[in-house]
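Structure at a glance
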Amino acid sequence: MNFVNSERHRFGVEPICQILEVAPSTYYAAINRPASARQLVDDELKVAIGRVHRENFGVYGVEKVWRQLRREGIEVGRDRVARLMRELGLEGVVRGKKKRTTIPAWTGERPADLVDRKFKAEAPNRLWVADLSYVWTWAGFVYVAFIIDAFSRYIVG
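A brief report on the enclosed structure follows. Given the structure is predicted, the values throughout are model-derived calculations rather than measurements.

**Concerning the overall build of the chain**
Secondary structure summary: the chain contains 6 helices and 2 strands in total. Scanning the chain from its N terminus toward the C terminus, one meets helices and strands in the order α-α-α-α-α-α-β-β. At 26 Å, the chain has a C-alpha radius of gyration far larger than the 15 Å of a compact globule built from 157 residues. Buried positions account for 20% of the 157 residues belonging to the chain. Once local pairs closer than 6 in sequence are excluded, the contacts in the chain between residues at least 24 apart make up 37%. With an accessible surface of roughly 12,900 Å², the chain has 56% of that area assigned to carbon and sulfur atoms. Charged side chains in the chain number 26 positive and 19 negative. The centres of these two groups are separated by 5 Å.

In structure tokens form, the structure reads like this:
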């Protein structure tokens, strides 16, 4: 609907609906349909969420907004608050700075692709591939290297 609404002045509703293979009557029924009970409650919640976020200097994230609404007696689920905050474009402030885990060296040579991006093997132990990843732990980042058999998809080392 948003696409049709934004482009209807340029092309008209019927040609757009024809290209999208949607009946124009479906579009008109959708825009003339009254708001559902969920939409009405969501609109009220959006006002409350915006107020709580604004009153707390725009630093509250989903968790704190949800808890504040519950303290005020507004029974709402956390995921619903997250969805509505996403729709409103509201975010909390994240403490700390983003961790940069890898810094690529653009000046060096890259290793050759010995399998031409074909990661399918005909039998076990014919093609092994490696993967390097990291895992966050209480002590910090831990780097992990895996060797995987491309046929069975098992970790072999």
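Continuing now.
**Looking at the nonpolar core**
Judged by nonpolar contacts, Leu45, Ala48, Ile49, Val52, Tyr60, Val65, Trp66, Leu69, Val76, Val81, Leu84 and Met85 together constitute the single largest core of 12 residues. Of all the elements in the fold, those that place two or more residues in this core are helix H4 (37–55), helix H5 (62–71) and helix H6 (78–88). No other element matches the 4 residues that H4 contributes to this core. Those residues in contact with valine 65, other than ones at most four positions away along the chain, are Ile49, Val52, Tyr60, Val81 and Met85.

**Some points on the pairing of strand S1 (residues 128–137)**
Within a regular beta strand, the side chains point alternately toward one face of the sheet and then the other, so they alternate between its two faces. Two strands pair when backbone bridges link them, and S1 and strand S2 (residues 140–149) are joined in this way by 10 bridges, in the antiparallel orientation. Bridging across to S2, tryptophan 128 finds its partner in aspartate 149.

**Considering the packing of helix H1 (residues 2–11) against helix H2 (residues 13–20)**
In contact at an axis separation of 8 Å, H1 and H2 are set at 125° when each is read in the N-to-C sense. Classed by the angle they form, the pair H1 and H2 counts as oblique. The segment H1 lies against H2, with Phe3, Val4, Glu7, Arg8 and Phe11 engaging Val13, Pro15, Ile16 and Leu20. Looking at the contact of H1 with H2 residue by residue, the class counts come to 7 nonpolar, no polar and 2 charged.

**Thoughts on the packing of H4 against H5**
Where H4 contacts H5, the axes come no closer than 10 Å and their chain directions differ by 110°. Looking at the two axes, H4 sits roughly perpendicular to H5. In this structure, the crossing between H4 and H5 has a hand that is right-handed. Here Ala48, Ile49 and Val52 of H4 come into contact with H5, specifically with Val65, Gln68 and Leu69. Here the contact of H4 with H5 is composed, by residue class, of 5 nonpolar, 1 polar and no charged.

**Comments concerning the pattern of salt bridges**
Under the definition given, this model contains 12 salt bridges. The shortest N-O distance in the salt bridge between arginine 10 and glutamate 7 comes to 3.2 Å. In this pair, arginine 10 and glutamate 7 both sit in helix H1, 3 residues apart, roughly one turn of the helix. The class of arginine 10 is exposed, set by a relative accessible area of 57%. In this structure glutamate 7 comes out as buried when scored by relative accessible area, which is 16%. Between glutamate 75 and arginine 70 there is a salt bridge whose closest N-O contact spans 3.8 Å. Judged by its relative accessible area of 62%, glutamate 75 is exposed. On the accessibility criterion, arginine 70 (39% relative accessible area) is partly exposed. Each of Arg38, Asp42, Lys46, Arg80, Arg83 and Glu87 takes part in a single network of salt bridges with overlapping partners.

Criteria and cut-off values
Residues numbered from 1 in each chain as written. Predicted model: local features only at pLDDT ≥ 70, side-chain atom pairs only at ≥ 80, totals over all residues. Heavy atoms only, no water. Helix = DSSP H or I, 4+ residues; strand = E, 2+ residues; numbered from the N terminus. Rg over C-alpha atoms; globule rule 2.2 N^0.38 Å. Buried < 20%, exposed > 50% of the residue type's maximum accessible area, 1.4 Å probe, protein only. Contact = heavy atoms within 4.5 Å. Areas by Shrake-Rupley, 256 points an atom, 1.4 Å probe, with all protein chains shown as cover. Lys, Arg positive; Asp, Glu negative; His and termini not counted. Charge placed at Lys NZ, Arg CZ, Asp CG, Glu CD. Core = buried A, V, L, I, M, F, W, Y, C linked by side-chain atoms within 4.5 Å. Pairing = 2+ DSSP bridges. Axes fitted to C-alpha atoms, helices over the stretch in contact; angles between N-to-C directions. Parallel < 35°, antiparallel > 145°, perpendicular 65-115°, else oblique. Nonpolar A, V, L, I, M, F, W, Y, C, P; charged D, E, K, R; others polar. Left-handed = near helix turned anticlockwise from the far one by under 90°. Salt bridge = Lys/Arg side-chain N within 4 Å of Asp/Glu carboxyl O.

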